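Chain and residue survey
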Amino acid sequence: MKIILRTKFYLQVSILLLGYCFFINTELKSQSIEEAALNAIFEKADQIDRVRTLIIHQKGETLGQKSFNGRDLSHPFNIKSASKSIIGLLTGIAIEKGFIPSIEEPIKSYFPEYFEENPDSIKESITIRNLLTMQTGLRSTSSGNYGAWVISDNWVEYALNQDFVSQIDGRMVYSTGTSHLLAVIISKASGMSTKAFAEKYLFRPMNIRVGGWDKDPQGNYMGGNNLALKPADLVKIGQLMLDNGRYGDEQLISKKWISESFGTYTHSNYNPYGYGYQWWNQTIGGYKTFFAWGSGGQYIFMIPELETVIVITSSTATTDRRRSYKTPVFDLVQFDIIPFLESRIN
């Protein structure tokens, strides 16, 4: 009887060990396959001349990250116009904290001196919402008009001085000057610089440090360009959006604002993207994708259905006007990264 019991015991132990070994072997094979897939993605990214860093983050975990062309992942990168999306978040926080009464607040309230000297009942009726959705109707200060704007003595006045090229609430007129007006309004409404406001209500709670941030001639922090953040901190911003404004145990911004930010209120005249509150959206590989986008290839992609954040930073050297860098980046996401992410879920 003892021999039988001992035999059964050894048999059970052997079965458990065999199962454990099978599990370990399967796990190692799975890790090996995943590592090979990630390496293939990074090799493909390295073939895109402009790309400097890539981070793939799913279900709250960084699956892989890589820098290229001698760049350092730990250094801040100029995210160019992806800065606009940060301004969109800060605007929501300013409204929810009571600094700005409403998204429908007219801009006249924040630039009384300008409108006293330049009365214009139509311009005075432009609202915070119009600024967020790029539907002010004012001529753009971006692209071919950008240089004249940034060398002007007063960026706010220059942006407000523009003639109407569309009606308010009409077609999208993408303009960095429009986002800059939001940054200045945040500062005026809160009584602190836009950077101080961002650090108090967004960056510091997320342990994000600003690497650099340009100012206008009056000392206002730039609202639509030239903010520098580390790629890992851009992942945090993307995850905040996926988590409906929550970071750790703290609700930094409401779920309602995140949802409204990801809405589509207008469309670009130059690409197939929808536009929300300073955030873009597009269907990629069958998945609704939201993203911050900066010139040259600075991206925070968020794919809620795949619980994914993808961060790409690129060279900020001058690009061609057709922005040809977009195609290889979007192809990388659609044909390489998304299938890899799908395989992890399936």
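Let me sum up the structure you'll find in this document. One numbering rule holds for all chains: residues counted from 1, following each sequence as written. A pLDDT threshold of at least 70 governs which residues receive local features in this predicted model, and a stricter bar of 80 or more applies before side-chain atom pairs are shown or counted, although totals over entire chains, interfaces and linings include all residues. Side-chain numbers here rest on the full set of heavy atoms in the structure, without hydrogens or water.

To continue, consider the pattern of salt bridges. Think of a salt bridge as a Lys or Arg side-chain nitrogen and an Asp or Glu carboxyl oxygen that are within 4 Å of each other. Scanning all chains against the criterion turns up eight salt bridges. With a closest N to O distance of 2.7 Å, Arg 129 and Glu 104 form a salt bridge. Placement of Arg 129 in helix α5 (residues 128–132) and of Glu 104 in the loop between α2 (83–96) and α3 (112–117) is noted, with a sequence separation of 25 residues between them. Relative accessible area decides the class of each residue, using a 1.4 Å probe on protein chains only: under 20% of the type maximum gives buried, over 50% gives exposed, and in between gives partly exposed. Here Arg 129 falls in the partly exposed class, since its relative accessible area comes to 27%. For the salt bridge of Asp 233 with Lys 236, the shortest nitrogen-to-oxygen distance reads 3.5 Å. Within this pair, Asp 233 and its partner Lys 236 are both found in helix α10 (residues 231–242), separated by three residues, close to a single helical turn. Secondary structure elements are defined from DSSP: runs of H or I of at least 4 residues count as helices, runs of E of at least 2 residues count as strands, and each element is numbered from the N terminus.

Together, Glu 113, Glu 116, Glu 117 and Glu 157 make up a negatively charged patch on the protein surface. A per-element tally of the negative patch places α3 first, with three residues. Looking at where Glu 116 falls in the secondary structure, it is placed in helix α3. For Glu 116, a relative accessible area of 66% gives the class exposed. Residues with no salt bridge and a relative accessible area higher than 30% make up the patches, which join like charges within 9 Å and nonpolar side chains (Val, Leu, Ile, Met, Phe, Trp, Tyr) within 5 Å. Areas reported as accessible are Shrake-Rupley estimates using a 1.4 Å probe. Residue values count occlusion only from the protein chains shown. The convention is simple: Lys and Arg are positive, Asp and Glu are negative, and His and the chain ends are not counted. For charged residues, the charge sits on one atom: NZ in Lys, CZ in Arg, CG in Asp, CD in Glu.

Along an α-helix, residues three or four apart share an orientation, since each turn contains 3.6 residues. Taking 1.5 Å per residue, 12 residues should reach 16 Å; α10 reaches 17 Å between its end C-alpha atoms and fits that length. Judged by how many residues are buried, α10 sits mostly within the fold: 10 of 12 residues are covered. Where α10 ends, the next residue or the one after it, Asn 244, has phi of about 55°, a positive value. Here, expected helix span is obtained from the residue count minus one, scaled by 1.5 Å.

Moving on: the sheet that holds strand β5 (residues 227–229). Only strands that DSSP links by at least two bridges are regarded as paired with each other. With antiparallel pairing, the three strands of this open sheet are ordered in space as β3-β5-β4. The sheet is open, and its two borders are formed by β3 (77–78) and β4 (212–213), each paired with just one other strand. Looking at chain direction, β4 and β5 are connected through two bridges and run antiparallel. Within β5, the residue paired with Gly 212 across the bridge is Ala 228.

Further remarks concern the packing of aromatic side chains. Pairing of aromatic rings covers Phe, Tyr and the six-membered ring of Trp, with a centre-to-centre limit of 6.5 Å; geometry is then stacked below 30 degrees between planes, edge-to-face above 60, and tilted otherwise. One pass over the structure, following the stated rule, counts 25 aromatic pairs. Here Tyr 273 and Trp 293 contribute two aromatic rings whose centre-to-centre distance is 5.5 Å and whose plane-to-plane angle is 80°, an arrangement assigned as edge-to-face. One end of the pair, Tyr 273, is in the loop between β8 (266–267) and β9 (274–275); the other, Trp 293, is in strand β11 (residues 287–294), with 20 residues separating them in the sequence. With respect to class, Tyr 273 is no different from Trp 293; both count as buried. Judged by centre distance (5.5 Å) and plane angle (85°), the ring pair of Phe 301 and Phe 330 falls under edge-to-face. Here the residue Phe 301 occupies a position in strand β12 (residues 298–303), and Phe 330 occupies one in helix α12 (residues 326–345), the gap between them amounting to 29 residues. One aromatic cluster is present, built from ring pairs that chain together Tyr 174, Tyr 273, Tyr 275, Trp 280, Phe 291, Trp 293, Tyr 299, Phe 301 and Phe 330.

Let's shift gears to the packing of α2 against helix α9 (residues 194–203). Each pair of packed helices can be described by the angle between their axes along with the distance between the axes. With their axes 10 Å apart at the nearest point, α2 and α9 run at an angle of 75° to one another. Here α2 is positioned roughly perpendicular relative to α9, judged by the angle of their axes. Residues Ile 86, Ile 87, Leu 89, Leu 90, Ile 93 and Ala 94 of α2 pack against Thr 194, Phe 197, Ala 198, Tyr 201, Leu 202 and Phe 203 of α9. As a working rule, the residues Ala, Val, Leu, Ile, Met, Phe, Trp, Tyr, Cys and Pro are called nonpolar, Asp, Glu, Lys and Arg charged, and the rest polar, with Gly in that last group. Each residue belonging to the contact of α2 with α9 can be placed in one class, and the counts come to 11 nonpolar, one polar and no charged. For helices, the fitted line uses only the C-alpha atoms of the stretch in contact; every axis is such a line through C-alpha atoms, and the angle between N-to-C directions lies from 0 to 180 degrees. Each angle is binned into one of four classes, with values under 35 degrees roughly parallel, values over 145 roughly antiparallel, values of 65 to 115 roughly perpendicular, and all other values oblique. In this description, contact between two residues means that some pair of their heavy atoms is separated by no more than 4.5 Å.

Let's shift gears to the packing of α2 against helix α8 (residues 176–190). It is at 10 Å that the axes of α2 and α8 come closest, and there the two elements cross at 35°. Read as a crossing pair, α2 and α8 show a hand that is left-handed. Residue-level inspection shows Lys 84, Ile 87, Leu 90, Thr 91 and Ala 94 of α2 in contact with α8, the latter providing Thr 176, Ser 179, Leu 182, Ala 183 and Ile 186. Of the residues assigned to the contact of α2 with α8, the class counts are six nonpolar, three polar and one charged. Definitions for this section: a left-handed crossing has its near helix turned counterclockwise from the far helix by less than a right angle. A right-handed crossing has that turn clockwise.

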